[in-house]
Amino acid sequence: MFNCSPIIPLIISIILSIILVKDSLSKNIFSKVKVTFSFIIIFCLSLISVFYNSIYDSKFNKELFNYLMISITVALIIMILKYYIKSINNAKYFNKMNNLFSEFTLYFHINKNYKNLSLSSTLQKVLEIDENINNVSLKYFYNRYLDYLELNEQKTDYKAFVDFLVQKEKAENECINITFHLKDDTSRTFLFKRKNIYINNKLNGEIFISNIGAQDMSSASNMTAVQDMSLQRLEALVECSDQGIWIKDLKNGRIWLNDYILKKLNISNNISLKEFEKLINNDDLIDYNNTLNSITENNSCFTCIYRIKSEYKYIYVRERSKVIFNDGIQDEIVSYVEFNSSKNFIKTNTILDSLKEENELLLYINDLANQNINYELAYFRISNIPNLNEKYGRSLGTLAMEEYVRTLKEIFSFENGFFRISGLDFVFVITDISKMDLLNKTLKKGQIFNPSLSYGSIKCSLNVTMGLSFSNDAIRPKEIYANTKIAFKKALERGIPYIFYKDINK
């Protein structure tokens, strides 16, 4: 007969405990009874393992003990299998739930014990929740994200909300107005319909469904815009993809933007349509208007990609829109938009990733020119980084490049005037005369071009080549930037560490 050592059920019981603890952590619910029971089993089996030889003194004890260990082992395996089957069923259930409703549907589901909560991905986005709220503790959700709830305009704390859920007399299809008051002092209001969920004729929980968008009660303009939405607008939204949303009122020259876009572009909702169009690249705006002029009532949807200004840079936006007509005239444009800001170099997860790009540089020096501010422009390349990458690995090359950039930023106290043009090329702009003088002295000393770096036993130096120009070397900012690049190329050709544009012909 197979002899079952107590070590076998002990190992299985430890695995079960790990699974239960992990499950508690993922759901933010500590299952006191289950976890405590598993620890008791571990404790008992540990004692049995210690006194293993004493128990085996007689043949009768040996057989009884062996049957007991086999039974415990089988029972533990069944418990683990049962847990996994339940987890798989839950996963299938929530997948079916998500597939059942439109991606635009707002809903939350509470299980039959009124302890676990799941929110649709759309509702999570509206409430600005940055983690997956799927089968977590209802109490965890309430305490982490909410100050309080309002049920039908009545302030409700957590206990009152649970009492509301478990009340015996619950009307099927009951409509409830719920306001989520969030931790950031904003609120979202929805009209939910309450439904019971049955699986195999057994109550599995309740689902609260809403097809109406959220109202940001902290913003009167947002609230008014949402309240004024017609059914035609909502239908238009459903026909497009879900990202940021804006509504252009062509008749009155107004535009409403949701919070996603306001944060992305760093603008306010008081902006007029004409002011908003000034943010779009001029050439792209011409193409956009040409597309809009070709739209008809029978072909009212369109998609376009163009550049739009966000502070000191242009970013790409993909707009998917539907034009709404009134008496044959274009009246409104309802759009879903997504933004993309792609860099032309590898992400390093260092300070290098935070540097602004070339299009932002051009906007920056344009602003300086408009304000009649004189400046000095320096274009430089750290040319031996590929050699360092090959010899010591890319991580060291990135570290050396980051240290050099960080040192320059600290010496010249850069806040806005440092840019990354490509993987090895950078530009900085100096507007302070004293800093210009400091740079000139630093250039003459030459230490800025071959700095020595030490990383443990590795000693290395950087090869830096630089071209410089001043704002009075040309009239237009683009020409000044072009002069800086010309000076940089001349320095490379002549094999010298730096040269000023004004000194090229000397």
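Values in this document were obtained by computation on a predicted structure and should not be read as measured data.

Glancing now at the sheet that holds strand S16 (residues 418-420). Taken in spatial order, the 5 strands make up an open sheet running S16-S17-S15-S20-S21, and their pairing is mixed. Pairing within the sheet leaves two strands with one partner each, and these edge strands are S16 and strand S21 (498-500). Across the sheet, the mean angle from the axis of one strand to that of its neighbour is 15°, orientation sign disregarded. Of the strands in this sheet, strand S15 (376-382), S16 and strand S17 (425-430) are in contact with helix H13 (residues 358-370), which crosses S17 at around 15°. The sheet contacts of helix H17 (residues 477-494) involve S15, S17, strand S20 (464-470) and S21, and relative to S20 the element is tilted by about 145°.

Turning to the nonpolar core, a few remarks are in order. Nonpolar side chains in soluble globular proteins tend to be buried together. One finds Phe380, Ile382, Phe418, Phe426, Phe428, Leu462 and Met466 to be the most contacted residues of the largest nonpolar core, which totals 31 residues. Residue assignment for this core shows that the elements contributing at least two residues are S15, helix H14 (385-392), helix H15 (394-412), S17, helix H16 (433-445) and S20. The biggest single contributor to this core is H15, with 7 residues. Setting aside chain neighbours within four positions, we find Ile382 in contact with Met401, Tyr404, Leu424, Phe426, Leu462, Asn463 and Val464. Membership of the second largest hydrophobic core comes to 29 residues, among which are Leu127, Tyr145, Leu151 and Phe164.

This model, assessed by the stated rule, comprises 10 salt bridges. Residue Lys490 pairs with Glu493 through a salt bridge whose shortest N-O separation is 3.8 Å. Here the residue Lys490 and the residue Glu493 both occupy positions in helix H17, the gap between them amounting to 3 residues, near one helical turn. Counted as one network, the salt bridges with shared partners bring together Glu128, Arg188 and Lys263.

To continue, consider unusual backbone geometry. One non-glycine residue with positive phi stands out, namely Glu128, at about 60°. Residue placement: Glu128 occurs in the loop between helix H5 (121-126) and strand S3 (136-137). Among the residues examined, Glu128 registers a relative accessible area of 38% and is labelled partly exposed. Phi at Glu153 takes a positive value of approximately 70°, unusual for a residue other than glycine. The residue Glu153 is located in the loop between strand S4 (146-151) and strand S5 (154-156) in this model. Classification of Glu153 as exposed rests on a relative accessible area of 63%.

Enumeration over the complete set of coordinates arrives at 24 aromatic pairs. Between Phe380 and Tyr404 the ring centres are 5.8 Å apart and the planes differ by 70°, which places this aromatic pair in the edge-to-face class. One end of the pair, Phe380, is in strand S15; the other, Tyr404, is in helix H15, and 24 residues separate them in sequence. Judged on exposure class, the residue Phe380 and its partner Tyr404 are both buried. Relative to Tyr498, the ring of Phe449 lies with its centre 5.3 Å away and its plane at 5°, an arrangement referred to as stacked. Remark: Tyr498 occurs in strand S21 and Phe449 occurs in the loop between H16 and strand S18 (452-455); sequence separation between them is 49 residues. Tyr498 gets classed as partly exposed once you look at its relative accessible area, which sits at 24%. Taken together through their ring pairs, the aromatic side chains of Phe380, Tyr404, Phe412, Phe418, Phe426 and Phe428 make up a single cluster.

What counts and what doesn't
Along each chain, the written sequence defines residue order, and numbers are assigned to residues from 1. Per-residue local features of the predicted model are confined to residues with pLDDT of at least 70, and side-chain atom pairs are confined, for both listing and counting, to 80 or more; whole-chain, interface and lining totals are unaffected and use all residues. Processing note: side-chain calculations cover all non-hydrogen atoms of the structure and skip hydrogens and water entirely. Strands were regarded as paired on the criterion that DSSP finds at least two bridges between them. Secondary structure elements are defined from DSSP: runs of H or I of at least 4 residues count as helices, runs of E of at least 2 residues count as strands, and each element is numbered from the N terminus. For every element, the axis is a line fit to its C-alpha atoms; helices are fit only across the contacting stretch, and the angle between N-to-C directions ranges from 0 to 180 degrees. In this description, contact between two residues means that some pair of their heavy atoms is separated by no more than 4.5 Å. Nonpolar cores are built from buried Ala, Val, Leu, Ile, Met, Phe, Trp, Tyr and Cys residues. Side-chain atoms within 4.5 Å join them into one set. For the exposure calls, accessible area comes from a 1.4 Å probe over protein chains only, and a residue counts as buried if that area is under 20% of its type's maximum, exposed if over 50%, partly exposed in between. Each reported salt bridge corresponds to a side-chain nitrogen of Lys or Arg within 4 Å of a carboxyl oxygen of Asp or Glu. By convention, a stacked pair of Phe, Tyr or Trp rings (six-membered ring in the case of Trp) has centres within 6.5 Å and planes under 30 degrees apart, an edge-to-face pair has planes over 60 apart, and any other such pair is tilted.

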